[in-house]
Every structure is written in structure tokens, then in C-alpha cells.
Amino acid sequence: MARARAVLPQALLGLVLVALVASGIRPYDRLTWLLETVWVIVGIPVLLLVWRRFPLSTLLCCLLAVHATILIVGGHHTYARTPLGNWLQDLFDLSRNPYDRLGHFAQGFVPAILVREILVRRSPLRGSRWLAPLVVCACLAFSALFEMIEWWAAVAGGSAADDFLATQGDVWDTQWDMFLALVGAITSLALLSRWHDRQLPPPAPTHRAGLPG
């Protein structure tokens, strides 16, 4: 079991790299592919650089791999044209391709565990009642930052940025995106916090100076 856990991050990294390279072969729109996958392209080297000092839990590795796959698929097809989204649209008779809704839910669901792991291991918040609210606030702040990036892309690219924005005519798309990230973060903490705690290293022992006799 221990050996499998040691090999799993390498296997997940290999799968994500293969998916990333494959998605870059004749994507629907090259600029959209780059804008959607840049988080994966930048994130992989960062993880490799910090891994020796800060190896991630198995749960977080799996979640990051799933999130990377969502971004990669969306980047290759564009979010409004993913086959999975088209299938869901037909199945539930929806007015739009819902793949971007899934992506923004994941934008809260996965970073919640990432932020939680950093705070538990690198701050005094382990066991604090403030841990969950601060994690949710961090995820919502990241979602808002992403919406600003989309706004800047729209200003810079005009109609050329439509595939990246994936609003599909929804005037409330920005609000939906941030709301779903919020729901994703809360859901992640509610479902995974105990499981996550079991995978985290125990707190370092505190040494108290002895009182004079």
C-alpha cells in the first residue's frame, strides 16, 4: 500500500502530461487552449520544485489531476463545445453546454483542499474553527481573480476571447461562476475534510521549557 501511494503521484503526473500534449495537437483554437491550460503548464513545474520540501497528500494529488484534466479537455474543445457537455445538454434538455459550470465547481472543490493542506501544515490554524471559513474565502477570492482575468481577456481580445469566456449568451455567467466555485469549496470541505486529515502528517511536537524547581 505504501509503495502504491509513493508511485501514484508519478503515475498521475505522467497521465496529465500525456493528456496535455495530446490536447495541444490541433485544438479548436490555439489561444483558447493556451489560456485554459496555462494553469497546468505553470503548475506542474511549481509542484516539482516544491515537492521535496512539501510533498502533497494522495487525496490532493488525485484532485489536482482531475482538475487538470477538466482544464485540458476544456482547452482542447473550448468549454462550449466539449463532447461531454454536449451530451449532458442533450440528456437534460439544457439551453447551453454546462461543461463550464463543472469547471467552475471544480475551481472551488479542488483548491479548497489545496489551500486547506497549506494552512494546516504551514500555519497555526490546524484544528481552528477559522480554518474552514478562511479556506472558503481564499477559494472565492481566486474565483473572483479568474473572472477579472476573463474580463481583461475580453477587453484585450474582443470577440476573439469569446471561446475563452464561454458565456454562451448568459448575462449572469460571472455570478454563476463564482457561486459554483463557492458551492464547490463548501462541498469539498464538508465531504473530504476528515479524509484529508487522515492523510496529513501529525503536528510537530511542542517543547515547553521546564519550570525551575
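These remarks concern the structure in this document. (Residues numbered from 1 in each chain as written. Predicted model: local features only at pLDDT ≥ 70, side-chain atom pairs only at ≥ 80, totals over all residues. Heavy atoms only, no water.)

1. Concerning the overall build of the chain
Along the chain, the regular secondary structure elements total 8 helices and 0 strands. Its helices and strands in sequence order give the chain the pattern α-α-α-α-α-α-α-α, from N to C terminus. In the chain, which comprises 213 residues, the proportion classed as buried is 39%. Per element, the accessible surface of the chain, about 12900 Å² overall, is 69% carbon and sulfur. (Helix = DSSP H or I, 4+ residues; strand = E, 2+ residues; numbered from the N terminus. Buried < 20%, exposed > 50% of the residue type's maximum accessible area, 1.4 Å probe, protein only. Areas by Shrake-Rupley, 256 points an atom, 1.4 Å probe, with all protein chains shown as cover.)

2. Here we look at the pattern of salt bridges
A full pass over the atoms with the stated rule returns 6 salt bridges. With a closest N to O distance of 2.9 Å, arginine 96 and aspartate 100 form a salt bridge. Classification of arginine 96 as buried rests on a relative accessible area of 11%. Residue classification places aspartate 100 among the buried residues on the basis of a relative accessible area of 2%. Salt-bridge contacts for arginine 96 lead to aspartate 173; the nearest nitrogen and oxygen are separated by 3.4 Å. Pair noted here: arginine 96 is in the loop between α4 (83-91) and α5 (99-122) and aspartate 173 is in helix α8 (residues 173-199), with a separation of 77 residues, a long-range link. This pair shows no difference in class: arginine 96 is buried, exactly as aspartate 173 is. Beyond isolated ion pairs, a larger network of salt bridges with shared partners links Arg96, Asp100, Arg101, Asp173 and Asp177. (Salt bridge = Lys/Arg side-chain N within 4 Å of Asp/Glu carboxyl O.)

3. Here we look at the nonpolar core
Within the largest apolar cluster, 24 residues are counted, with the highest numbers of intra-cluster contacts made by Val16, Val40, Leu63, Ile113 and Leu192. Of all elements in the fold, only α1 (2-23), α2 (30-50), α3 (58-77) and α5 reach the threshold of two or more residues within this core. Apart from residues no more than four positions distant in its own chain, leucine 192 is found in contact with Leu59, Leu63, Phe109 and Ile113. Residues Leu119, Leu125, Val135 and Ala185 belong to the second largest nonpolar core, which totals 11 residues. (Core = buried A, V, L, I, M, F, W, Y, C linked by side-chain atoms within 4.5 Å. Contact = heavy atoms within 4.5 Å.)

4. Topic: a nonpolar patch on the surface
The grouping of Leu31, Leu34, Val38, Trp39, Ile41, Val42 and Val46 at the surface amounts to a nonpolar patch, some 550 Å² of accessible area in total. Position of isoleucine 41 among the secondary structure elements: in helix α2. (Patch = residues over 30% accessible without salt bridge, like charges linked within 9 Å, V, L, I, M, F, W, Y side chains within 5 Å.)

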